[in-house]
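A look at the structure
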Amino acid sequence: MSLLEIKNAHLKLDDKNILNGVSLSVNKGEVHAIMGPNGSGKSTLSYMLAGRDGYELEKGEILLDGISLSEMEADERARSGLFLAFQYPVELPGVGGMSFLREAVNSRRKFLGEEELDHLAFVKEARKEASKMYVKDEMLKRAVNVGFSGGEKKRFEILQMAMLKPTVSILDETDSGLDVDALKIVSDGVNAQRNSENAIVVITHYQRLLDYIVPDFVHILSDGVIIKSAGPELALEVEKNGYSGLINAA
Amino acid sequence: MQHSIKNYYINSIKNYTNQFEDTNFRRIACNDFKSWPSPREETWRLSRLGSLSRKKIKPINPNLKKNNYNTLNLIGSTIIQFVDGAYREDLSSKLPSGVNLSVLSDSESLKYLQKIKKSNLSDHPSTNVSLSCTPSIMKLTVSKDIKVKDFLEIIYEGGEDSKSVHPVLYLELEENSSLYLIERFNHLTSLAMPLQLIELRNKASLNSIKIFNDNEKTYNLSANCVYLSKESYLNSFSLIKGGIFTRSETHAYLNGCNAKLNLNGIYISCNKQHHDLTTAIYHDVPDCTSKQIVRGVLGGKSTGVFQGKVRVAKDAQRTDGQQMSRAILLSDTASANAKPELEIYADDVICAHGATVGELDDDQLFYLNSRGVHMDKAREILIKAFLEDMINQSVDNSLHDFVFKEAELALSSIITKETL
Ligand SMILES: Nc1ncnc2c1ncn2[C@@H]1O[C@H](COP(=O)(O)OP(=O)(O)OP(=O)(O)O)[C@@H](O)[C@H]1O
Ligand SMILES: [Mg+2]
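1. Examining the pattern of salt bridges
- One pass over the full model with this rule turns up 39 salt bridges over all chains.
- The shortest N-O distance in the salt bridge between A:Glu138 and A:Arg142 comes to 3.1 Å.
- B:Lys384 is paired through a salt bridge with B:Glu380; the nearest N and O atoms lie 2.8 Å apart. Of this pair, B:Lys384 and B:Glu380 both sit in helix α7 (residues 375–394), four residues apart, roughly one helical turn.
- In this structure B:Glu380 comes out as partly exposed when scored by relative accessible area, which is 21%.
- Connected through salt bridges with shared partners, the residues B:Lys115, B:Lys139, B:Glu172, B:Glu199 and B:Arg201 form a single ionic network.

So this is what it looks like as structure tokens:
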């Protein structure tokens, strides 16, 4: 059984068809990359999976580890092990980074039937993970994402992923806005979490990321449908020739 | 019928003040109280007193023996206690040296009245009614150069159903003195009309926290007139959460160069509460600063009002005046009104203002949800964050927890109600 199963997903936003029958199976231990032109529906797909209000499926089905997500709210999906690294992480003025992480981690632990971490244990754990992502302690004291640089926001997303230990992670353009060193840090952070029990879907425009996070499959999304799926070589082809040939052939 | 009830209140005040000579400040004030403000008056349009004027209320005859107040001394401060609007020495602490509390004589009271009458509070109902009916005007003075270290806390309690209470205070900080004052309004009365005149002499500094937490049936019409002299500083923070109708109206006159004013407030409203922060800041001389942050959280069928006037006179060059107000509605049936009003006659000024009324941000809620945080918890986190950073900016470090807890108590009932 697939860990994440998207079956014939259709979705409209403001009466506009955005997803027009997306199907995708992601198995344990796999990394999938989704590429596609601007506006093709990649972020929409990720919001739909995460359960954002207004992004309910019109038709189709999504299953996480065999369980339908349709009836679950976003928070329940997250606790069940779904994680979305946002293309544009949201600023939360007045909400301290450390207490935010703690709230998130304890929600997940409670769901897993694990004990909530006490304050000290938690801070220790958070600092350890943060240092791996080169996130300074000082950043954890600040309000979530407020005044963070573009790259800092992305590293903070992957730090959250590391702490939440999700079963399926969707990374929406986590590489955009990263300098060369940060790209390496973020990729190492993601790779460190790859194991035989979880799966990762990376949404990206650039082959460069896929040199670091090597995918098992690459899919091209265009106009809300996957028009082609293949191995990592497909990303190289896109890099070289762009999307137009692929779209015309579809 | 309505007419006769209105007259009932006026007549009972008249009857009381008639025992004094006609030159007495009480008689003068009483003659100036003709009726409750009408909604046709601009500043009362959004805060209507119709239902108050239909109540059969009488000024209280203070019971100086009432003694069932075991107020918790939460912040280790010196306490001054008012019951039924009357100062109670027997229930108050000994004051630190350099701080003095006294009763104004009739001639001093007349001067007090004249000072308030010169301000834009001259027609405020609390001015005229409270000066008519107060047991006495209490003057609190901090002597020159005295920096009071301990927090001073004034607690206003008492009152009863169908009665109005009238604590009147005159606070004077002499040159170069400083005070940290916490006032808590915990009345159990139909109507409370606290009146204050505050004068800050040169280089005086006052930190003030007011917590309005009257009984759920109380109308509180607090009126405050503040004069700031050269290089004086007022840092004022109000938390309005109690009463069925609480309006805190403050007029601050920046009369001396380099005076600094922070006039911040939070209101937390639920059920059918109506909360109103009305302020007017008058920059009459150059080089003064005023900053104002107002935040509201509303649930149930509550209504909130912020009216903030800033007037910069022609000579008040290099004025820095900032005003920000934001209200968050947690229910479809709550509403909030923000009415900033800038009147700027000087040309070299920095004045910024912004006012928003809205709901919690969907993107922020979704971000928290997407991290596994329940919707009700997510709302709670965002609302607390909305208030907490402002409380931290407004009050002394050692009082953050105390003030935040006071806010939290009011929030908890709204949050659970609105998320069920
Ligand atoms: N609320 C909305 N109503 C109507 N159309 C919308 C709405 N939100 C997004 N869209 C449209 O949906 C389409 C898909 O947007 P989406 O953000 O999913 O694209 P994307 O593939 O992530 O693009 P990018 O590569 O630029 O991030 C776009 O054409 C966008 O304009
Ligand atoms: Mg996108």
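The discussion continues.
2. Section: the state of the cysteines
All names here are of chain B.
- Per the stated rule, a full pass over the model turns up zero disulfides over all chains.
- No disulfide involves Cys133; its sulfur sits 7.3 Å from the nearest other cysteine sulfur, which is in Cys30.
- What makes Cys133 buried here is its relative accessible area of 8%.
- The thiol of Cys288 is unpaired, and the distance to the nearest cysteine sulfur, on Cys257, comes to 6.2 Å.

3. A word on the site of ligand 1
All names here are of chain A.
- Within the structure, ligand 1 sits among 15 residues, and Gly39, Lys42, Ser43, Thr44 and His205 are positioned closest to it.
- Between Asp14 and ligand 1, the recorded distance is 3.2 Å, taken from a side-chain N or O atom to a nitrogen atom.
- Thr44 places a side-chain nitrogen or oxygen 2.5 Å from an oxygen atom of ligand 1.
- When ligand 1 sits alone it has 650 Å² of accessible area, and the protein chains cover 67% of it.
- When residues of the shell around ligand 1 are assigned to their parent elements, the largest contribution, three residues, is made by helix α1 (residues 42–50).

What counts and what doesn't
- Residues numbered from 1 in each chain as written.
- Chains lettered and ligands numbered in written order.
- Predicted model: local features only at pLDDT ≥ 70, side-chain atom pairs only at ≥ 80, totals over all residues.
- Heavy atoms only, no water.
- Salt bridge = Lys/Arg side-chain N within 4 Å of Asp/Glu carboxyl O.
- Helix = DSSP H or I, 4+ residues; strand = E, 2+ residues; numbered from the N terminus.
- Buried < 20%, exposed > 50% of the residue type's maximum accessible area, 1.4 Å probe, protein only.
- Disulfide = S-S within 2.5 Å.
- Near = heavy atom within 4 Å.
- Polar contact = N/O pair within 3.5 Å; in protein donor to acceptor, adjacent residues only side chain to side chain.
- Areas by Shrake-Rupley, 256 points an atom, 1.4 Å probe, with all protein chains shown as cover.

Nothing here speaks to function; it is geometry throughout.
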